[in-house]
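Architecture and fold: a report
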There are 2 protein chains.
Amino acid sequence: MLNRVRSAVAHLVSSGGASSPRPKSPDLPNATSVPPATPEEPKSPSARRGIGSGAPAKTVEARASFSRPTFLQLSPGGLRRADDHAGRLVQSPPDTGRRLPWSTGYAEVINAGKSRHNEDQACCEVVYVEGRRSIAGAPKEPSRGQSCWSSQKDVTHESLIIGAIENAFQLMDEQMARERRGHQVEGGCCALVVVYLLGKVYVANAGDSRAIIVRNGEIIPMSREFTPETERQRLQLLGFLKPELLGGEFTHLEFPRRVQPKELGQRILYRDQNMTGWAYKKIELEDLRFPLVCGEGKKARVMATIGVTRGLGDHNLKVCSSTLPIKPFLSCFPEVRVYDLTQYEHCPDDVLVLGTDGLWDVTNDYEVAATVDRVLSTYEPNDSSRYTALAQALVLGSRGIPRDRGWRLPNNKLGSGDDISVFVIPLGGPGSYS
Amino acid sequence: MLNRVRSAVAHLVSSGGASSPRPKSPDLPNATSVPPATPEEPKSPSARRGIGSGAPAKTVEARASFSRPTFLQLSPGGLRRADDHAGRLVQSPPDTGRRLPWSTGYAEVINAGKSRHNEDQACCEVVYVEGRRSIAGAPKEPSRGQSCWSSQKDVTHESLIIGAIENAFQLMDEQMARERRGHQVEGGCCALVVVYLLGKVYVANAGDSRAIIVRNGEIIPMSREFTPETERQRLQLLGFLKPELLGGEFTHLEFPRRVQPKELGQRILYRDQNMTGWAYKKIELEDLRFPLVCGEGKKARVMATIGVTRGLGDHNLKVCSSTLPIKPFLSCFPEVRVYDLTQYEHCPDDVLVLGTDGLWDVTNDYEVAATVDRVLSTYEPNDSSRYTALAQALVLGSRGIPRDRGWRLPNNKLGSGDDISVFVIPLGGPGSYS
């Protein structure tokens, strides 16, 4: 995945398919691409496929297997302890090793037994992209014209980087489709990617991981989750425009409850793809079909099968006990949000927090912000271990501690039994952004 | 239109198709529906069709004709003066007449000659909707369950009112389709509707009119415009999923400039329906087609024809010199935003401003807020004429004054030559909300 982002950005900057490094360019300066953090979270009911971190593996089989991030530097013994579903030890990079870029903090913990491996696969890489003076086919300086075709549209460097990231997600998804055909690789995953380039942080999310910035105590959402509920109208529109995708088994309409055959001809509330409110309709035969989107909260499902609507892979996923494919309803495209680091004087306590759904299932934005404040205030601003300590505190806060009846939080509510991975990227810390 | 909203809300409240008034109900209290303001703005290149205000006319022909709002109480002479494209007198309800509800202010001016009639048709009505004790088929008290079908989804009164308004827009559009068949009624229009019910203001917008609240100097957007640019991805998705709608003449892809046949095989930047950024592709034969969405700003067009993507009517609209229908790309569904009047202690200077595009083409939100402050501060808080004075100032500020080369603003920029209609609804003024 990371390689896709890198090559897409490199392609963008060097253009024309040239692959050799180029000299610095004044119009697109010598660019440093630092995708500092990539927790990627497999998330669908079929077998999972993790995306490897760091150096690409040699074979499809190796790439499709799960592994711990190389920066954890786990020994064989450490790996066994990390995989213990009963102990659920929190894993972080060793203090003695090389720090992550910007002194980024990281912590992860395995699930409580729901799957064999930690399916939240993280990676982090520093890559360099060099520009060149003249970019053939690149946009000219923007000139805003009024006539439909008298001028060229304004294409900013920012929108080119966003496009390169979107492209990388799409190419990755296509690559997984190809590998699936040859090697019977199943499953899919969400992806949350952060790229730093030219003074801006790009956060790309496809799935139900989440990124927030905590800045001077203020919460700035840097992603939104893609679920059957948040994407209801997109899914319904697709079912409406392409009814063959519903296979005569599903209806694109939403009802507040399951419609009973004896209610035929009566009136019921419904929502279609155009509506945010509810209105009445007369119940017809087609309304007795199972709804395309049903359930609420964590139980919401597309076609009664999958609870996340964006991500990579899952090309083989079918509706339970049916041959109806679900992939057409899934989107591999991320939403990309941009944060300009130069627009604000950041202090060492300003951080970008990335977490997989295991974190957010039991901890909300405000609780994370409170933990940021509580933990960072106990460390010196120039202590570079403070961000790892914070990542660990966040993971522990969602995992809880083992009690008689499962993992429990201090308030005795259930902790998360899911895999949990957390990156904490300091925006004004001891790291260097150059 | 207003009747559709009224009957939809009445239907919702009385339920089951009962049409007679019902006694008060404790669970949905005796409701007062006050759609206080409805500027509706025809907006497409073909012949326009205004939607009548107030009492419904007897025949389709009458309903399809343009008229000034009844509350202006124009004499035949006044009507002639109001229709003078050279003088462009600003029209407001007479001081001597009955005030609009809540002392709402209103002003309008005709265009500078671009069309014969003032095509921004306003209306304002107070209607009453009565509830009844038991509502068959209405939602039960919300109970949040976890299983997909073990419980009923949470349906709020607010979402029922939103659904009724959405339904009203759809039914109105269908009615216009029926009338078109019998009577050769052409054209279409935008619609901006405000409904007050049960302490909340509902603002429904389909088109390029705009509503903002100015509260204690702060600007709260209550609508967004629907144009080929803001709806690019919806339009492209439709063209992608239903390529037959493009008739082999258009491509759903967007390019920064027109692609030339000699560029075949070269690389160019593009955006598809999934992308917000730009990426490169190799130019293929299909890319030489005209793009579905082209142009920028006020010149942006769908299929080189229409500049507004939501509204009512236009069932006959075709691509210029083609038989390709445009209606499939237009949506009649509004976005409905809700403002809870009870959540804030409003003062007499807090207002909801509704304006047709003639206002916003030359005056932005901040300038409107400045005018609100400037005008209202010169009137006593209990002077109920202050809101009409404000509406007039807003219309004048966008119209400008006639000079040698057209209508000019004080800064010598061009004023709007379009029709302009403005409502100013006080949120904490001398009016009564009961």
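About the cut-offs
- Residues numbered from 1 in each chain as written.
- Chains lettered and ligands numbered in written order.
- Predicted model: local features only at pLDDT ≥ 70, side-chain atom pairs only at ≥ 80, totals over all residues.
- Heavy atoms only, no water.
- Disulfide = S-S within 2.5 Å.
- Pairing = 2+ DSSP bridges.
- Helix = DSSP H or I, 4+ residues; strand = E, 2+ residues; numbered from the N terminus.
- Axes fitted to C-alpha atoms, helices over the stretch in contact; angles between N-to-C directions.
- Polar contact = N/O pair within 3.5 Å; in protein donor to acceptor, adjacent residues only side chain to side chain.
- Buried < 20%, exposed > 50% of the residue type's maximum accessible area, 1.4 Å probe, protein only.
- Salt bridge = Lys/Arg side-chain N within 4 Å of Asp/Glu carboxyl O.
- pLDDT = per-residue confidence, 0-100.
- Contact = heavy atoms within 4.5 Å.

What follows concerns the state of the cysteines. Linking two cysteines covalently via their sulfur atoms produces the bond known as a disulfide. Tallied over the entire structure, the rule returns zero disulfides over all chains. With no disulfide of its own, C332(A) lies 11 Å from the sulfur of C189(A), the closest cysteine sulfur. C320(B) carries a free sulfur, and the closest cysteine sulfur to it, the one in C294(B), is 11 Å from it.

With that settled, the discussion passes to the sheet that holds strand β2 (residues 105-109) of chain B. Residue and element names in this part refer to chain B. Spatial ordering of the open sheet is given by β2-β21-β18-β8-β9, a layout of five strands whose pairing is antiparallel. Edge positions in the sheet fall to β2 and β9 (218-221), since each has one partner strand and no second. Each strand of the sheet is rotated relative to its neighbour by a mean of 20°, with strand direction disregarded. Bridge count between strand β8 (residues 210-215) and β9: four bridges; the pairing is antiparallel. Its bridge partner lying in β9, V214 is registered against I219.

Attention shifts here to the side chain of Q91(B). Turning to its location among the elements, Q91(B) is positioned in the loop between α3 (76-82) and β2. Among the polar contacts made by the side chain of Q91(B), one reaches the main-chain carbonyl oxygen of L89(B) at a distance of 3.4 Å.

A negative phi angle is the norm for most residues apart from glycine, just as the trans form is the norm for most peptide bonds. All names here are of chain A. Although it is not a glycine, M303 sits at a positive phi angle of roughly 50°. Positionally, M303 belongs in the loop between β15 (301-302) and β16 (312-313). Its relative accessible area of 0% is what places M303 among the buried residues. The phi dihedral of D314 falls on the positive side, at around 60°, and the residue is not glycine. Along the polypeptide, D314 turns up in the loop between β16 and β17 (335-340).

Attention now moves to the pattern of salt bridges. Applying the stated criterion across every chain yields a total of 42 salt bridges over all chains. The shortest N-O distance in the salt bridge between R337(B) and E335(B) comes to 2.8 Å. Using a relative accessible area of 23% as the deciding quantity, one classes R337(B) as partly exposed. Residue E335(B) is classed as partly exposed on the basis of its relative accessible area of 21%. Connected through shared salt-bridge partners, K153(A), R232(B), E254(B) and R271(B) make up one network.

Right, let's talk about the confidence of the model for chain A for a bit. Residues and elements named next belong to chain A. Averaged over every residue, the pLDDT of chain A is 82; residues scoring 70 or more account for 79%. Across residues 12-62, where pLDDT falls below 50, the model places 196 contacts with residues more than four positions away in sequence or in other chains. This model gives residues 134-148 a pLDDT under 50, and the stretch forms 24 contacts once residues within four places in sequence are excluded. Two numbers describe this predicted complex: its pTM, 0.83, and its ipTM, 0.81.

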